[in-house]
Every structure is written in C-alpha cells, then in structure tokens.
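In case you want the letters, here they are:
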Amino acid sequence: MKKKIFASLAALLVLFLLVACGKTSEPKETTTEEVVSSATEKTYTDPSKLEESYDVIIVGSGGAGMSAAIAAKDAGANVVILEKMPYIGGNTAKSSAGMNASETKFQKEQGIEDSNEKFFEETLNGGKGTNDEALLHYLVDNSASAIDWLDSMGITLDNITTTGGMSVTRTHRPSDGSAVGGYLVDGLYDNIMERDIPVFVNAEVTDIIEKDGQVAGVTVKVNGKEMTISSKAVVLATGGFGANMDMVTKFKPELKGYVTTNQKGSTGDGIALAEDEGAQTVDMDQIQIHPTVEQESSYLITEAVRGEGAILVDSKGNRFINELETRDKVSAAINQLEPNHAFVIFDDALKGRVPAIDKYDEKGLVAKSDSIEGLAKEIGTEPETLKNTLEKWNQAVADASDTDFGRTTGMENDLSTGPFYAIKIAPGIHHTMGGLKINTEAQVLNKDGKPIPGLYAAGEVTGGIHGQNRIGGNAVADIIIFGRQAGQQSAQFVK
C-alpha cells in the first residue's frame, strides 16, 4: 500500500522532460508516448536537480539499469539514473515472453520439475556451446533468487510457460499471462520512486571520465548543456545495437534490409563509451533474428504464442518445422520458404491464454474467421491444406506425439475452438548477443582481461552469456540477474 500511495503522489509532481529530436532540446511536460508497455504514467526528475556528484551513476533505464539502481541504493549508495531517451524502459518495455528461471518456488508450487543443471545445459546447447560458462552458471544459479527478489518488491512472475529450446516450463510471466516487459518496467519504476532515486531523461552520456586509473564519472548532455558529473563507479546498462543498422551490417552484412524489433535508442552507445576506456568486446557478430516479426509494423509476436500451442504454416498452409526449435533454426526455416514468410495460426482458446494478442489485434495485425477454411481465404493459403494441417496437428496433440517434426512442448491444448486467427510473420533483427566482456561480478574487462576499476555493465550491452543464439526468456533473466549484481558490486566498490 505504501508503494502505491507513493507512486500516486509521485505522479502528481509537476516535472519536465526534454524533447529528444536530434540535437534540439526544449522543455516539455511529461509524456507517456513511446512507453510501449506501460499503462502507468511516468514522471521524471527536473533537470535542474542534477547534482555534481553521486556514488554510482547508472547509464540506461531498462530492466538492467533499474535493477542496478535499486540494488545499489539498497546497499547504501547514492545513485542516479541517466537515460538518453525521453522515457524509461529501453528494450525491456518491449519484452513479451517472460523470464527464464529454474528451481523456483513457483515451479515447485505448480509441480514443475526442473533443475539448474538442465537450464544450464539447454541454454549452452541453444548457444551452440559457445556461451561464457562462468557467466551462464552465475545466471542459472541466481535465477530463482532473482524471481524471489522481484516478488519481494511486488513484481510477481508466477504464470509459467515455455519458449523454444526448452524442455521444461520455466518462462515466468505476470499472473495474468500478459507481456512481461510493461509489468517489469512499471514495477521497477515504482520501486525506483519509493527509494527516491533520481531519474533524468534526455540525458545523453557522451564520455566516461577516468582519473588515477579508475572511473571517476561521466560527461552528460542535459537541457542543451554539457556537464561533468563525478562518481566512484559507473554502471553501463545502455542495451545493445539492434537499432543501429550501420553497426549491425558492419558485423553481419547479410542482415542488410531486415526490419528490427528494437526501440530506437538501442544504438550501441555504451559499447563505444567503454571501448574508449580500453574495454574488451566479445561475439560482436552474433546478432539474433527473431522468427516471428510482423514486417509492416516491425512488431514482435511473442514466443509465448507458440509456447501456448500455436503452429506455423507456409503460404500453402503446411507446417514446416517444430515451432519451438531455437530461434535461429526457426528463422532459417522461414527464410528458406518461397515466398519467405509464414503464418502463426491459433484459436480463440489460445488467444485467451496470451493477453498480448489483444494488442496485436488492436494494431490490425491479426486475421480472423469463424472457420479454418474462412481463415485460409483471409490469408491466401489453400483452404483444404490448412484444414488438413489443423486436423493432423490436433491429432498429434491428442496422441502427445508429433510424428512430423518431433515437437514435444507447447502441446497441452489443441487448436479447435473457433474463431481462428493468423498473423503473417517473417524474421527480424531482435537481439545483439555480443558486447562488452564482463566477469561474474559484472566488472567490465580490458583487453588484457583485467577489470577496469569502477566500471560495471549489465544486460544487452554485454556479450558472452548467450553464445551464438539466445534462448527466448533468457534476456529478461540476464537484465535482472546481472543488473542486480552490477548494482550490488558497484555499491560495494565505492564503500
């Protein structure tokens, strides 16, 4: 109750934002535009309140940045968040499926048998054996406690589903099954406000200051003015570079022309800032494309739709792959189709289990019909083929055996409850698995493999954790677990 009252009072404050239009900076009242996932109006700290010194500066306000700020504040540090965009949330606000975690209290309550060992092995297999195993062990071994940590702050992820590459339901999401991103952003924001952590938006960090061999602050551009803010530690939580097509195609030229699911602030700034300080990078050419992206809007269709039982069909209406294979394999299969697009097919019962579909429907992305044959005509597939495909799939669900493609997960419910729905999709740029090299204490390492004193990083700005392919649900685990670690370690460093 205290948290809700505080958040309500905070929402009444008269604060100002700055317009983020190129190099122009004008005062502007608080807006919720572009806050993709959040129904809660956000207010931010007046730029005139920016102080000259803090213990820990957090650069970026997605899940990793906010987790780091909360953990550092709770550990006794004086913390500030600097965000270059006019709103908080980063790519976290667009997250949909959930947060992977093993051996959690919610799994145990629901009779789900899982183990850290299985989570580790399936993630390593998904990353083609190239994951940084020390970082992966830290992520897996701290996943259950991270779920507990969120729950202790009123952020409860007790509705569990599955994603591609997993044999166990371990993808934790809000109780109502809605997209995890907006719920996380709102919950973390409430906790930021409760702790009086200042959040400055339209605050672009342009340089990291170093003194006597360690980080000593940042240079930041706020309200059209450049300021130097001193600190004893800096946490980079700026996200990846999936919206920077020059950078994407530099490392992976074959992705030229792809749409991206990334919010426009994901341009690799944090990587560049740290490289100027001698930081080492890893896996920069490992850029994930997500198989189910609506191409006209660049809107990602959550993997939870397939996790709850949807199938993929080609332009004729035939299935062509195990829909819950890893993202790289499903994307490759779609790209081999002619034409290279597919349709996600689901029924009304599934629509009720995945509230995110309502948003897709509002955006006009969903085709609908009372019958399978009618749906086929709506999307241009062959009616008899699509009907046969659905009948065969429903029999496979009944038999608990997919003889065509060997699917074993997301088969608890058939697709027999009309109306029926389809969304046309193809792959799009989604996640940059490469970035700054860190250790398990979230310290950024230099080219000699040694920590840069006072410099920490967490989330998509880092590399190595996911190897050559990220498993759906592991990005949220990454930002929360390593964001929390970066906050705790940076606070300990400054003491």
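Labelled according to an unreviewed UniProt entry, the protein chain appears under the name Flavocytochrome c, originating from Streptococcus zalophi. The record held by UniProt for the protein chain lists under Sequence similarities (unreviewed entry) the comment "Belongs to the FAD-dependent oxidoreductase 2 family. FRD/SDH subfamily." Database annotation for the protein chain, UniProt heading Cofactor (unreviewed entry): "FAD".

1. What to know about the overall build of the protein chain
The helix and strand inventory of the protein chain stands at 16 helices and 21 strands. A compact globule built from 495 residues should have a C-alpha radius of gyration of about 23 Å, and the protein chain, at 22 Å, falls within 12% of that. Summarising its shape, the C-alpha atoms of the protein chain cover approximately 70 × 45 × 45 Å along the three principal directions. Within the protein chain, the proportion of its 495 residues that are buried is 60%. Sequence-distant contacts, at least 24 apart, represent 74% of the contacts inside the protein chain between residues at least 6 apart. In the structure as shown, the protein chain presents an accessible area of about 19100 Å², 46% of it carried by carbon and sulfur atoms.

2. A few points about the UniProt feature "domain: FAD-dependent oxidoreductase 2 FAD-binding" (unreviewed entry) in the protein chain
Here, UniProt's "domain: FAD-dependent oxidoreductase 2 FAD-binding" (unreviewed entry) annotation points to residues 55-476. Structurally, residues 55-476 is divided into 31% helix and 23% strand, and its ends, taken at the C-alpha atoms, are 26 Å apart.

3. Here we look at the packing of aromatic side chains
In this structure the tally under the stated criterion is five aromatic pairs. Taking 5.8 Å as the distance between ring centres and 75° as the angle between the ring planes, the aromatic pair formed by Y299 and Y360 counts as edge-to-face. Of this pair, Y299 sits in strand β14 (residues 299-300) while Y360 is found in helix α13 (residues 356-362), placing the two residues 61 residues apart along the sequence. On the basis of relative accessibility, which here comes to 2%, the residue Y360 falls in the buried class. Judged by centre distance (6.2 Å) and plane angle (65°), the rings of Y456 and F493 are edge-to-face. Taken together, the residues span a long stretch of sequence, with Y456 in strand β21 (residues 451-457) and F493 in helix α16 (residues 474-494) at a distance of 37 residues.

4. A closer look at the nonpolar core
Formed by 102 residues in total, the largest nonpolar core has its most connected members in L82, L150, L236 and I480. Considering every element that reaches this core, the biggest residue donor is α16, with nine residues. Not counting residues within four places of it along the chain, the set of residues in contact with L82 comprises L50, I57, I58, V59, G60, F200, A203, V205, V218 and V220. F320, L350, Y360 and F420 belong to the second largest nonpolar core, which has 42 residues in total.

5. Side note on the environment of D348
As for its position among the elements, D348 is in helix α12 (residues 348-353). Here the alpha-carbon distance between D348 and K368, two residues 20 residues apart in the chain, equals 9.7 Å. Among residues more than four places away in sequence, those in contact with D348 are T417, G418, P419 and Y421.

6. Things to note about the sheet that holds strand β6 (residues 159-161)
One open sheet holds the three strands; their spatial order is β5-β7-β6, and the pairing between them is antiparallel. Of all strands in the sheet, those with a lone pairing partner are β5 (99-100) and β6, marking the two edges. With three bridges connecting them, β6 and strand β7 (residues 171-173) associate as antiparallel partners. By the bridge assignment for β7, I160 is matched with H172.

7. Let's talk about the packing of helix α2 (residues 63-74) against α16
Close contact between α2 and α16 brings their axes to 7 Å; oriented N to C, the two are set at 40°. Along this stretch, α2 crosses α16, giving a crossing that reads as right-handed. Seen from α2, the contacting residues are G63, A64, S67, A68, A71 and A72; seen from α16, they are I479, I480, G483, R484, G487, Q488, S490 and A491. Along the lines of polarity and charge, the residues of the contact of α2 with α16 split into seven nonpolar, six polar and one charged.

8. Considerations on the pairing of strand β4 (residues 79-82)
Burial of the side chains of β4 extends over both faces: V79 and I81 are buried on one face and V80 and L82 on the other. As paired strands, β4 and strand β8 (residues 199-200) are joined by two bridges and run parallel to one another. Looking at the pairing, L82 lines up with F200 of β8.

9. Regarding the confidence of the model for the protein chain
Within the protein chain, residue pLDDT values average 92, and 92% of them lie at 70 or more. Overall, residues 1-39 carries pLDDT values under 50, and its contacts beyond four positions in sequence, including any with other chains, amount to 70 contacts.

10. Notes on a negative patch on the surface
On the surface, E103, E117, E121, E133 and D141 cluster together into a patch of negative charge. Listing elements by their share of the negative patch, those giving two or more residues are α4 (116-126) and α5 (133-141). Within the secondary structure layout, E121 lies in helix α4. For E121, a relative accessible area of 47% corresponds to the partly exposed category.

11. Some details on unusual backbone geometry
With an omega of 0°, the peptide bond between E338 and P339 qualifies as cis. Residue P419 follows G418 across a cis peptide bond; omega there is 0°. Mapping P419 onto the fold places it in the loop between α15 (383-399) and β18 (420-432). Phi is positive for D283, which is not a glycine, with a value near 60°. With relative accessibility at 24%, the residue D283 sits in the partly exposed group.

Scoring rules and cut-offs
Residues numbered from 1 in each chain as written. Predicted model: local features only at pLDDT ≥ 70, side-chain atom pairs only at ≥ 80, totals over all residues. Heavy atoms only, no water. UniProt positions renumbered as here; feature names shortened; annotations may be inferred. Helix = DSSP H or I, 4+ residues; strand = E, 2+ residues; numbered from the N terminus. Rg over C-alpha atoms; globule rule 2.2 N^0.38 Å. Buried < 20%, exposed > 50% of the residue type's maximum accessible area, 1.4 Å probe, protein only. Contact = heavy atoms within 4.5 Å. Areas by Shrake-Rupley, 256 points an atom, 1.4 Å probe, with all protein chains shown as cover. Phe/Tyr/Trp six-rings, centres within 6.5 Å; stacked < 30°, edge-to-face > 60°. Core = buried A, V, L, I, M, F, W, Y, C linked by side-chain atoms within 4.5 Å. Pairing = 2+ DSSP bridges. Axes fitted to C-alpha atoms, helices over the stretch in contact; angles between N-to-C directions. Left-handed = near helix turned anticlockwise from the far one by under 90°. Nonpolar A, V, L, I, M, F, W, Y, C, P; charged D, E, K, R; others polar. pLDDT = per-residue confidence, 0-100. Patch = residues over 30% accessible without salt bridge, like charges linked within 9 Å, V, L, I, M, F, W, Y side chains within 5 Å. Salt bridge = Lys/Arg side-chain N within 4 Å of Asp/Glu carboxyl O. Lys, Arg positive; Asp, Glu negative; His and termini not counted. Charge placed at Lys NZ, Arg CZ, Asp CG, Glu CD.

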